[in-house]
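This is what each chain is made of:
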Amino acid sequence: MKKKSIWIIDDDAIYKFVIQKLIAKSDLFDEVKTFSNGEEASNALKNEVSENTLLPDIILLDIEMPRMDGWEFMSEIEAFLKKENQKNIKIFMSSSSIAFEDKEKVDSNPNINGYLTKPISYDDLLQIAI
């Protein structure tokens, strides 16, 4: 199986540390980038496109973050995702919240592939890497 690249967009430093360890141990991904909010990640995504570099295969996107949360990030990159020539990026919202509204919002957004409840497990990584 070809290894993939993954971006983690989350403001929780401890969570990012733990998920990076789990990703490294899983040996499913060959590139991992982390961002502390949606604004950083949105700028990086636009940069990758303008420089024609490798876009992520998967994005793990936290819902609640300062500066630009997960929903604002999705609004920001919506036009980018609609471009037919862009690589198909799988986006998974992740949260420790069990709010029904969030899961409903994820289900109704065609650009989001799923919802993962934190903490994310090895099995979760395996499922999204396929």
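About the criteria used
- Residues numbered from 1 in each chain as written.
- Predicted model: local features only at pLDDT ≥ 70, side-chain atom pairs only at ≥ 80, totals over all residues.
- Heavy atoms only, no water.
- Helix = DSSP H or I, 4+ residues; strand = E, 2+ residues; numbered from the N terminus.
- Rg over C-alpha atoms; globule rule 2.2 N^0.38 Å.
- Buried < 20%, exposed > 50% of the residue type's maximum accessible area, 1.4 Å probe, protein only.
- Contact = heavy atoms within 4.5 Å.
- Areas by Shrake-Rupley, 256 points an atom, 1.4 Å probe, with all protein chains shown as cover.
- Lys, Arg positive; Asp, Glu negative; His and termini not counted.
- Charge placed at Lys NZ, Arg CZ, Asp CG, Glu CD.

1. Some points on the overall build of the chain
Scanning the chain for helices and strands turns up 5 helices and 5 strands. When the elements of the chain are put in sequence order from the N terminus, they spell out β-α-β-α-β-α-β-α-β-α. Taken against the 2.2 N^0.38 rule, which gives 14 Å for 130 residues, the C-alpha radius of gyration of the chain at 14 Å falls within 12% of a compact globule. With the C-alpha coordinates of the chain rotated into their principal frame, the extents come out at 35 × 35 × 25 Å. Counting only residues that meet the buried cut, the chain has 45% of its 130 residues in that class. Long-range pairs, those at least 24 residues apart, make up 69% of the contacts in the chain between residues at least 6 apart in sequence. Of the accessible surface of the chain, which amounts to about 7400 Å², a share of 50% is contributed by carbon and sulfur atoms. Where the 16 positive side-chain charges of the chain centre and where its 24 negative ones centre are 5 Å apart.

2. What about unusual backbone geometry?
With an omega dihedral of 0°, the bond running from Lys118 to Pro119 counts as a cis peptide bond. Position of Pro119 relative to the elements: it lies in the loop between β5 (114–117) and α5 (122–129). Of note in this structure, Arg67 is not a glycine but carries a positive phi near 70°. Along the chain, Arg67 falls in the loop between β3 (58–62) and α3 (70–82).

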